[in-house]
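# A closer look at the structure
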Amino acid sequence: MATDIESVLKEQRVFPPPDEFAASAHVKSLAEYQRIYKLSVDDPEAFWAGIARELDWFKPWDKVLEWEPPNAKWFVGAECNISYNCLDRHLSTWRRNKAAIIWEGEPGDIRVYTYQMLHREVSRFAAGLKRLGVQKGDRVALYMPMVPELAISLLACARLGATHSVVFGGFSSDALRDRINDAQAKVVITADGGFRRGAPFPLKEAVDKALTETPSIEKVVVVKRAGNDVVMKPGRDVWWDDAIKDVSADCPAEHLDAEHPLFILYTSGTTGKPKGVVHSTGGYMAHTYLTSKWVFDLKDTDTFWCTADVGWVTGHSYIVYGPLANGATILMYEGVPNHPEPDRFWDIIERHQVSVLYTAPTAIRTFTRWGDEWPNKHDLSSLRLLGTVGEPINPEAWMWYRDVIGGNRCPIVDTWWQTETGGIMLTPLPGATPTKPGSATLPFPGVVPEIVTHDGKPVGDNEGGYLIIKKPWPGMLRTIYNDHERFKEQYWSQIPGCYFTGDGARRDEDGYYWVMGRIDDVVNVSGHRLSTMEIESALVSHKQVTEAAVVGRPDEVKGQAISAFVTCAAGTKPDDAFKQELRKHVAKEIGAFAKPDDIRFTDSLPKTRSGKIMRRLLRDLAAGKDTVGDTTTLEDYSVLAKLREDEE
Ligand code: WTA
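On a predicted model such as this, the values are computed, not experimentally measured, just so you know. (Residues numbered from 1 in each chain as written. Predicted model: local features only at pLDDT ≥ 70, side-chain atom pairs only at ≥ 80, totals over all residues. Heavy atoms only, no water.)

## Let's talk about the pattern of salt bridges
Using the criterion set out here, one finds 45 salt bridges in the structure. Close ionic contact of Arg225 with Asp109 constitutes a salt bridge, the shortest N to O distance being 2.8 Å. With Arg225 in the loop between strand 11 (219–223) and strand 12 (237–239) and Asp109 in the loop between strand 4 (99–104) and strand 5 (110–114), the pair connects residues that are 116 residues apart, well separated along the chain. Overall, the relative accessible area of 30% leaves Asp109 in the partly exposed class. Within this structure, Asp174, Arg177, Asp178, Glu213, Lys588 and Glu589 form a network of salt bridges that share partners. (Salt bridge = Lys/Arg side-chain N within 4 Å of Asp/Glu carboxyl O. Helix = DSSP H or I, 4+ residues; strand = E, 2+ residues; numbered from the N terminus. Buried < 20%, exposed > 50% of the residue type's maximum accessible area, 1.4 Å probe, protein only.)

Laid out in structure tokens, this is it:
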């Protein structure tokens, strides 16, 4: 084995695309995919230029790609606007009166926006933002529930050329504050609250708290959604309805350079400080447009439901930008899958006749636990295609998804990608690629992956290694906000000239990719990527904690669970009450989804002689496995023995 990465999964089942599906798909056979793939890597510039020409540009490019590793510019010299492509472009066609967004609130309220209506609302809100002082080049932070105003806000910012930074509504006020300050955002868009599990959850409150320490913020726009009490600060806070009052609906899309920064999205890296991943406009637009079209095989008759929150990249790329650039009809849902009953998703699919469903393995595993009776109560025959994203899907969950949800009729697209890649990278094309449960199959056209050892040498078939991308692609991140050095160091230094994904993978004898998950100090809990360092620094920020190590351990439902090993200050009582206090503390620092699942107190942590915590040992311990492999660099073996004893 060339690396420490071992793949134990061996899956033999293969499911070819159903003939009927293939016949009407955008890409109809494996041979067609292979032909396109070859063209796309032989001449990527011609390939992507051909795709980009399907979209509208104010000014054509002088050059498709300028590549000075690790800096890429796509569609150099071109001018465009993604909001224009998602909206205005469709108004001169029959799609003007087609549903763009079908939205359902958790309490059951429904709103539908046609392209014409959405265009009008986006234009008005963009004009409103302008009146509040937002200009091209400014940063705007969004901290919102899953309401249509969230999609409208993204498109309005994009229309003006203001870079948006969406902060998932589950983050704490401290996390929001740090992200606002890092981006130096000028305006926050939020809501009084949203609905979750049948009750309003407050958002504005957290904004108020964050804003006591964010000098860059000038205005706050507040959507009235949940009706919970909020305090409006005069001169700073404006209700959404007042922000758009008496503005003209005529707010043309700015002509932006193709490389203009469209958004920043903070994600977890291997250090405690969140990284502001920066995406640009033209390349991201081409990438999300094409992947939406080919991976989800989008047709005008489809109702496409991506269940992600817009607070994550999946929502950016496959609720808002990609599908709307295609003129598709998207479904957007505000709440949780088990309100009022565990069949809410299936009920939504039946009532709205959803045809393409894109969700996460953690959700699928949860549904399997809730039982087949919930989906079985509903007619799911409108579905024709299923997708997953966010983490490796175990073959059993895949088979359940295929059988119980897809009626053994719908192809499944297991899509591998990252916040940094902007759009889908490894995936089946549903009419072309035979699928194997648990594999993201083959690279999307234009994507050149490889699996390598530490020093960049390709590994053999079925050998584990590091997944890298060897060529630039249009949707790739351009930098880390205000930290280009970190961008270089994090993604481009391990294997010079290649993008380092941080994931381990193997490729089988058919060239299929099997992504095994992170090889760095990042855990993937319910599809949320968290840095163990971030959780550690949250723990250590508690005054009674001296040291903490956080690792992931396998969890049947969540994919991974969070285990924390904590050393306390003298005089602290390491009891259950203190565990609860620490969990609460992490929730406050980061958000409830980052709370450790288990906490163990210890007098010391296993370290190397140079003082590095040996996480591998802790990972084994957390997973209940015997420690294997090299412990010779361990400074004090008794620490490990002690930890093991404690467990027994
Ligand atoms: C993991 C989400 C296996 C992977 C779009 C990656 C996956 C991280 C898959 C990115 C998949 C995502 N199979 N693993 N189909 N999709 N991952 O940035 O570890 O939130 O690096 O982007 O999720 O998570 P992120």
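Let's pick the thread back up.
## Regarding the packing of helix 11 (residues 282–295) against helix 12 (residues 313–325)
At a minimum axis separation of 8 Å, helix 11 and helix 12 run at an interaxial angle of 85 degrees. Judged on the interaxial angle alone, helix 12 and helix 11 are roughly perpendicular. Of the residues in helix 12, those in contact with Tyr284, Thr288, Tyr289, Thr291 and Ser292 of helix 11 are His316, Ser317, Tyr318, Tyr321, Gly322, Pro323 and Ala325. Residues belonging to the contact of helix 11 with helix 12 are distributed by class as follows: six nonpolar, six polar and no charged. (Axes fitted to C-alpha atoms, helices over the stretch in contact; angles between N-to-C directions. Parallel < 35°, antiparallel > 145°, perpendicular 65-115°, else oblique. Contact = heavy atoms within 4.5 Å. Nonpolar A, V, L, I, M, F, W, Y, C, P; charged D, E, K, R; others polar.)

## Observations regarding the pairing of strand 29 (residues 559–568)
Of all 10 residues in strand 29, seven are buried, a share of seventy percent or more. Both strand 28 (residues 545–555) and strand 29 contribute to a ladder of 10 bridges, which runs antiparallel. Each bridged residue has a counterpart across the sheet, and for Val551 the counterpart in strand 29 is Ser563. Where strand 28 hands over to strand 29, the hairpin turn is made up of three residues, counted between the paired strands. Here four bridges tie strand 29 to strand 30 (residues 598–601), and the two strands are oriented parallel to one another. In the sheet register, Phe565 faces strand 30, and the bridge partner there is Arg600. (Pairing = 2+ DSSP bridges.)

## Details of the site of the ligand
Close to the ligand lie 17 residues, the nearest being Asp414, Thr415, Thr419, Asp503 and Arg529. Gly390 places a polar main-chain atom, nitrogen or oxygen, 3.1 Å from a nitrogen atom of the ligand. Between a nitrogen atom of the ligand and a main-chain N or O atom of Thr415, the distance comes to 2.7 Å. In isolation the ligand has 530 Å² of accessible area, and contact with the protein removes 96% of it. Counting only elements with at least two residues in the shell around the ligand, the list comes to helix 12 and strand 25 (513–518). Split by residue class, the shell around the ligand holds six nonpolar, six polar and five charged. (Near = heavy atom within 4 Å. Polar contact = N/O pair within 3.5 Å; in protein donor to acceptor, adjacent residues only side chain to side chain. Areas by Shrake-Rupley, 256 points an atom, 1.4 Å probe, with all protein chains shown as cover.)

## Regarding the sheet that holds strand 12
The strand order 12-11-8-6-7-14-15-23 describes an open sheet built from eight strands, whose pairing is mixed. Two strands close off the open sheet at either side, each with one partner strand: strand 12 and strand 23 (479–480). Here strand 8 (residues 187–191) pairs with strand 11 via five bridges, running parallel. Residue pairing across strands places Ile189 opposite Val221, the latter belonging to strand 11. Each of strand 7 (163–166) and strand 14 (261–267) touches helix 12; the most contacted strand, strand 14, lies at about 145 degrees to it.

## Observations regarding the pairing of strand 27 (residues 528–531)
What you see with strand 27 is no split at all: His528 and Leu530 on one side and Arg529 and Ser531 on the other are buried throughout. When strand 26 (residues 522–525) meets strand 27, the two strands line up antiparallel, connected through four bridges. Bridge pairing links Val523 to Leu530 in strand 27. Counted between consecutive antiparallel strands, the loop separating strand 26 from strand 27 contains two residues, among which Ser526 sits at a positive phi close to 50 degrees.

## Looking at the nonpolar core
Membership of the largest hydrophobic core comes to 165 residues, with the highest contact counts inside it found for Trp57, Phe75, Leu118, Leu129, Ile189, Phe296 and Tyr321. For this core, the leading source of residues is helix 7 (residues 148–160), giving nine residues. (Core = buried A, V, L, I, M, F, W, Y, C linked by side-chain atoms within 4.5 Å.)

## Considering the domain arrangement of the chain
Assigned domains of the chain: these are domain 1 (19–80 + 295–448), domain 2 (84–254) and domain 3 (520–647). Distance from the C-alpha centre of domain 1 to the C-alpha centre of domain 2: 25 Å. Taken together, the connections running from domain 1 to domain 2 amount to five salt bridges. When the shortest N-O distance is used, the salt bridge between Glu104 and Arg351 registers 2.8 Å. On inspection of domain 1 and its partner domain 2, the count reaches 27 residue pairs in polar contact (both at pLDDT 80 or more). Residue composition of the side of domain 1 that touches domain 2, grouped by class: 19 nonpolar, 10 polar and seven charged. (Domains from an automatic or database assignment.)

## Focus on the sheet that holds strand 25
The strand order 21-22-24-25 describes an open sheet built from four strands, whose pairing is antiparallel. With partners counted over all chains shown, the strands left at the sheet margins are strand 21 (449–452) and strand 25, one partner each. Averaged over neighbouring strand pairs, the angle between their axes works out to 45 degrees when direction is ignored.

## Comments concerning helix 20 (residues 615–622)
Here helix 20 lies mainly inside the structure; six of its eight residues are buried. Burial in helix 20 covers these residues: Arg615, Leu617, Leu618, Asp620, Leu621 and Ala622. Downstream of helix 20 by one or two residues, Gly624 has phi in the positive range, about 75 degrees.

## Thoughts on unusual backbone geometry
Across the junction of Pro69 and Pro70, the peptide omega takes the value 0 degrees, indicating a cis bond. Here Pro70 lies in the loop between strand 1 (63–68) and strand 2 (71–76). The omega torsion of the bond from His339 to Pro340 falls at 0 degrees, within 30 degrees of zero and hence cis. Within the element layout of this structure, Pro340 appears in the loop between strand 17 (329–333) and helix 13 (344–352).

## So, the environment of Phe171
Tracing the backbone shows Phe171 in the loop between strand 7 and helix 8 (173–183). Separated by 32 residues in the primary sequence, Phe171 and Leu203 place their C-alpha atoms 9.9 Å from one another. Once residues lying within four places of it in the same chain are set aside, the contact partners of Phe171 are Tyr143, Arg179, Trp312, Ile590, Gly591 and Phe593.

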